[in-house]
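Examining the three-dimensional arrangement
The lines below spell out each chain.
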Amino acid sequence: MSNADADGPDDTRTEGTPRADGAGAVAGELAEPDHDHEFPGMGSIRRWFVTTNHKDVGILYVVTSLFFLLFGGVLALLIRTQLWVPGGTVLDGLAYNQAVSAHGLIMVFWFLSPFAFGIANYVIPLQIGAKDLAFPRLNALSYWLYLFSGLLLMVSFFQGASFSGGWTMYAPLNVPVYTPHIGASTAILALTMFTASVTVGSVNFITTIHRMRAPGLTMWNLPLFTWSILLTVWMMLFAFAALLAALVILSSDRLLGTTYFAAQSAGGSLLWAHLFWFFGHPEVYIVFFPALGAMAEVFQTFTGRRLVGRKYFIGAMLLVAIQSFMVWMHHMFLTSINLEIKTLFMATTIGISLPFDLMVFALIYTMLKGDIRFETPFLFAFGGLVLFILGGITGVFLGAVVLDYEFRGTYWVVAHFHYVMVGGVTGLIAAIYYWFPKMTGKLYDEFLGKVNFVLYFVGFNLLYFPMFLAWETPRRVFDYRPEYIPWHRLSTVGAFLLGLSFLVLIYNLYISYLDGADADGNPWKYATTAEWAVPSPPPLENFDGLPSYEDGNLTFRSESAGRGGEAAADGGRTDTPRSADGGAVVTAPETGVVAKTSHEEHASHASIWPFVAGAASFVVLVGLSGLQQGSFPSGAAGGFYAGTTLVGGGLLLYGFVRMAAERFHGPTMAMAERWPFAGVDNMKTGMWVFLASDVVLFGAFIGSYVFIRVAEGWTNWHHLIPADHVVLPGLINTYLLLTSSFAVVLALVFAERNNRLGVVASLIATVGLGVGFLINKALEWNHLFHVHSEAFPNGWELSTNVASSTFYLTTGLHGAHVTVGLIIALYMIVRAWNGAYLDDEAPIEQFGLYWHFVDIVWLFLFPLFYIL
Amino acid sequence: MRFLHVLPLVPGHNGGGGLIPRGTRVEVFSEIYWVFLWLGALVGVVVVGYMLYVAYEYRHDGEVDDDGDRPSLGELPTGGGKGGKLFLSLGLSAVIVVSLIAWTYGTLLYVEGDSPVEGEDHLTVGVVGYQFGWTFTYPNGHNTTTLRVPEDRAVQLRVTSRDVFHNFGIPGLKVKSDAIPGQRTNTWFIADEPGEYTAKCYELCGVGHSYMQATVVVMPEAEYEAWYANTMADGANESNTSAATTPGDTTAALGGVPA
């Protein structure tokens, strides 16, 4: 399939895009020729670097997360070995603190969710009837960002010491005054990179699950695993935005010298607690929900009964997802918050336990009148439920504030959360056994599976139950009362047993993959969901025909039959297979033509650019970790870091430009359930969803500013700001931005009217105004940096005080958003010059959405930082 | 000895009389803890036991399965019905959980407000945490690294930190409070048995966290008065970070405990 007739012989529309030379845009050949027929097989190494297929990405996630499980597990064994004797000497104080911090960070971030999302990546499109996720390259990008962020965390251990302030990273322990090692900054940057991976992933899954469901598969009909993942990604979208704010502020404190969290700031320590726990509480449900959904599916399949109270179960999950954002202060009962607030959060915390009660009972009652088979997946699901119940009961203790007063900072908390979270892991192990035959086409070894379960369950309880008995031991402390020695030793033995069980798991998966019995499409007697209706493993594009539930059951329609009359399927615009993945505009044929072969929307499966972007991000963040107080230190080390930043940054920019210019066809579905995004296409949905998370990001920044300002005294604030900080620059910037927004609207209008020069001119105007904004800001900042007044003899810089810190970082974040927008706009100018966007102006519309958002944010920042 | 605390519903058994546990922090915690523990264990045993029973009862045992209504591949999900039992169980557990918490709310009010330190003759001590130890400041300005308190008298602690986030707790006396730089937290306790106790740090604060301890000595009233009389404003040591006399508490934006 050469480029010249990629459109097919029937395409007669004129295109400005120089298709003939196969190039997408910038002078020369930036766009790649169609690689699809060159997509390497599973045995080839190159395949794994370029694949964007959801099944491959899923396997990458699962395998990688198991490596991180081993790292986190080894750290746990180190901790438990230290605790064999009170005042253990295996590790010194700094090493022990790194061990507990890295153990928590790795397990929560680099193991739990990625493992769940590996399975979700594989299974969700199959369950909903889609050929892939909405944005396959972004999916691959999520993975590479994840992998490289984990590698960055590993690097941090070699830069003095990694982060040693606990996975909770409390302030001000988290600032360089108290944790000076460069590795601590690197660990924070690694987590920030991970957050980017998650955000990209959530946008992808949200768009996919809402917009790419087979006809007839309404939201209520979704499989429970899909429901749990959907709610997980919605929670992730908002929670991780708050974490990103916290991490950006912390990185800024560590690398640029701002003073948000330093002890001088009245609200600094509490600000971190609020930001972190606002993220932290939804996070624990984020890691648990996939397990819950998987357990529900496993219960159904292995009991042969449909889930009791299914609609209530879904409602309960929805309630928990929403309520998860309203309980965070139960992690702060012993801070200086007042009694009314404590009471409120006590109430909301107890409130959130009730939907969980319902879900637990629903699972239990599903067993009634069942035909239960105790195969490995069910053993783990059942066991996981037991462990979760025990953990949940102990959580009620913590919700009673007066009890929490004593449990705070003790092993009661540690035991509680390990019961619930590792209870979740138990459910995920059930999931991996359950879906293993689908993913590999082989059956796992059932005997080994049962051995795994016994070792696991015994090891688990031996490890965590004694922690309740020795609960008075303080957390993260390796000295404890001698009467607790037997309990701690039991725990240590249990830890090794549990570790052994994971080795059995990995061995089982490995040996079965190599040598197991073949599995057919559906090895489970009572499975109902769509993934079991295709071969194991499924073909590249999942289905032979188009899945549909419109008849009340799963059927597969032939490709051409499914194409007629699709315009009214959901009342929205029919998806045309154009720019579905945001690559260079591919004006493929309209779908109205019925007689097309299945090659007409030949989906792409390969791109090297996600890998490049991931690797480049790794490099640039290694470089940035060397910053101190906003600049690189002099000398060889400083030179290394500066150089690395430059190289990484350049590579990153290059990778993104290539990715944008690449011709990539994402999957499309002519007919699908699309609620509630029926009227918009995938790209626009994705953009809106992304902007929603950006709203939370800026909301957190603005909230932080308000919090600190109130703590300092709202009107006192003016003493922290030099007289030279006047309204005028802000006002000018407001006008510049508003005008630039208007210019973007003009660009859209010109594009709709096929006016190439008009589009180019308006985009140039946009960029010009945006550059003006940045120059104006630079002048303003430069002036403020060099202020010399009585109050500010050394200028008003990032590190001067909290007012300067909040001002520069918040408006700086906004300025960074402007800069990114300008880079995109520059790229678009070049493409517009070459005639793009005249047939498909959607990219301009999507850019416009982003740009208007950035302007609206400024309309909030301007009064807050210049007027009030 | 512990078993006595299993009967908190016996009127007059606890300090304040009636349903709401009152008394020293140890008594209050003990009563609530043991109720929760027994109830929690009961619920756990009942629920898990029921699960095991049901799993056994409905196991696949090779006999012909005559239930024609099993799930089949490709079907659209249906409710599965039987919401009734579900809501009954949910209702029951909600009643248990909400009652438990409501019961502890009374004690929360007692601890936070209507507590022995209100308007009574109590001792106020400032506590300052630092990497890696504690200093205590008495009303007369005396600073010390050992906390000495009289028996049977309410002691109010005003806790803060001069560097990072710590947490001050005396497990033997069941009192604990965060030590936050720039903030002041308050808590109180009554010690009814003389002796030596240990105070520890319950928030990771750096390399010395595991060793951050202080000794607490509970003395009979007379002995305490004698000791205190001998101290006077011993201004020699610790710097001016006496928490008890630092003015101007900052109040967290989202509601803080006023000074």
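What you see is a predicted model, and the numbers here were worked out from it, not measured in a lab.

Counting its secondary structure elements, chain A contains 21 helices and two strands. Since a compact globule built from 868 residues should have a radius of gyration of about 29 Å, the 28 Å found for chain A is in line with a globular shape. The C-alpha extent of chain A, read off along each of the three principal axes, is 80 × 80 × 50 Å. Taking all 868 residues of chain A together, the buried fraction comes to 60%. The long-range fraction of contacts in chain A, counting pairs at least 24 apart against all pairs at least 6 apart in sequence, stands at 83%.

Next up on the list: the overall build of chain B. From N to C terminus, chain B includes three helices and ten strands. Going from the N terminus to the C terminus, chain B shows its helices and strands as α-α-β-β-β-β-β-β-β-β-β-β-α. Relative to its full complement of 259 residues, chain B shows a buried share of 36%. Counting contacts in chain B only where the partners sit at least 6 residues apart, residues at least 24 apart contribute 67% of the total.

With that settled, the discussion passes to the interface of chain B and chain A. Across the contact, 83 residues belong to chain B and 88 residues belong to chain A. Considering each element in turn, the side of chain B that touches chain A owes the most residues, 16 residues, to helix H2 (residues 83–112) of chain B. Of the residues in the side of chain B that touches chain A, the class split is 41 nonpolar, 27 polar and 15 charged.

What describes two packed helices is the angle between their axes and the distance between those same axes. Residue and element names in this part refer to chain A. Two numbers describe how helix H7 (residues 268–303) lies on helix H12 (residues 411–440): the axes approach to 8 Å, and their chain directions differ by 45°. Judged on the interaxial angle alone, H12 and H7 are oblique. At the point where H7 passes H12, the crossing takes the left-handed sense. Of H12, the residues touching H7 (which contributes Val284, Val287, Phe288, Pro290, Ala291, Leu292, Ala294, Met295 and Val298) are Val420, Met421, Gly424, Gly427, Leu428, Ala430, Ala431 and Tyr434. Residues that form the contact of H7 with H12 fall into these classes: 15 nonpolar, two polar and no charged.

Moving on, we come to the sheet that holds strand E2 (residues 133–137) of chain B. Residue and element names in this part refer to chain B. Spatial ordering of the open sheet is given by E3-E2-E1-E5-E8, a layout of five strands whose pairing is mixed. Each edge of the sheet is formed by a strand with only one pairing partner; in this case those strands are strand E3 (143–144) and strand E8 (185–190). Across two bridges, E2 lies against E3 in antiparallel orientation. Residue Phe136 lies in a different strand from E3, and its bridge partner there is Thr144.

This next bit is on the sheet that holds strand E10 (residues 213–219) of chain B. Residue and element names in this part refer to chain B. The strand order across the open sheet formed by five strands is E4-E10-E9-E6-E7, and the pairing between neighbours is mixed. Where the open sheet ends on each side, the last strands, each with one partner, are strand E4 (146–150) and strand E7 (175–179). Strand-to-strand twist of the sheet, defined as the mean angle between neighbouring strand axes without regard to direction, takes the value 20°. Bridging between strand E6 (residues 166–170) and strand E9 (residues 195–201) involves two bridges; their strand directions are antiparallel. Opposite Phe168, over in E9, you have Cys201 as the bridge partner. On the sheet, helix H3 (residues 221–229) packs against E4 and E10 and is oriented at approximately 130° with respect to E4.

All names here are of chain A. Partitioning chain A into structural domains gives domain 1 (57–287 + 539–562 + 569–588 + 603–607 + 662–714) and domain 2 (716–868). Its C-alpha centre places domain 1 at a distance of 28 Å from the equivalent point of domain 2. Contact with domain 1, which involves 28 residues of that partner, is made by 23 residues of domain 2. Among the elements of the structure, helix H6 (224–256) and helix H17 (682–712) are those that each provide at least two residues to the side of domain 1 that touches domain 2.

What tends to happen in soluble globular proteins is that the nonpolar side chains get buried as a cluster. Residues and elements named next belong to chain A. Ala242, Ala245, Ala246, Met295 and Ala362 are the most contacted members of the largest nonpolar core, which has 337 residues in total. Of all the elements, H6 adds the most residues to this core, at 26 residues. Non-local contacts of Ala242, meaning those with residues more than four positions away in its chain, are made with Leu275, Phe278, Phe279, Val696 and Ala700.

This brings us to the pairing of E2(B). Counting buried residues along E2(B), four of its five residues qualify, which places the element largely inside the surrounding structure. The hairpin formed by E2(B) and E3(B) contains five residues between the paired strands, and B:Gly141 there has a positive phi angle of roughly 95°.

Conventions adopted
Residues numbered from 1 in each chain as written. Chains lettered and ligands numbered in written order. Predicted model: local features only at pLDDT ≥ 70, side-chain atom pairs only at ≥ 80, totals over all residues. Helix = DSSP H or I, 4+ residues; strand = E, 2+ residues; numbered from the N terminus. Rg over C-alpha atoms; globule rule 2.2 N^0.38 Å. Buried ≥ 20, exposed ≤ 12 C-beta atoms within 10 Å, placed from the backbone. Contact = placed C-beta atoms within 7 Å. Nonpolar A, V, L, I, M, F, W, Y, C, P; charged D, E, K, R; others polar. Axes fitted to C-alpha atoms, helices over the stretch in contact; angles between N-to-C directions. Parallel < 35°, antiparallel > 145°, perpendicular 65-115°, else oblique. Left-handed = near helix turned anticlockwise from the far one by under 90°. Pairing = 2+ DSSP bridges. Domains from an automatic or database assignment. Core = buried A, V, L, I, M, F, W, Y, C linked by C-beta atoms within 7 Å.

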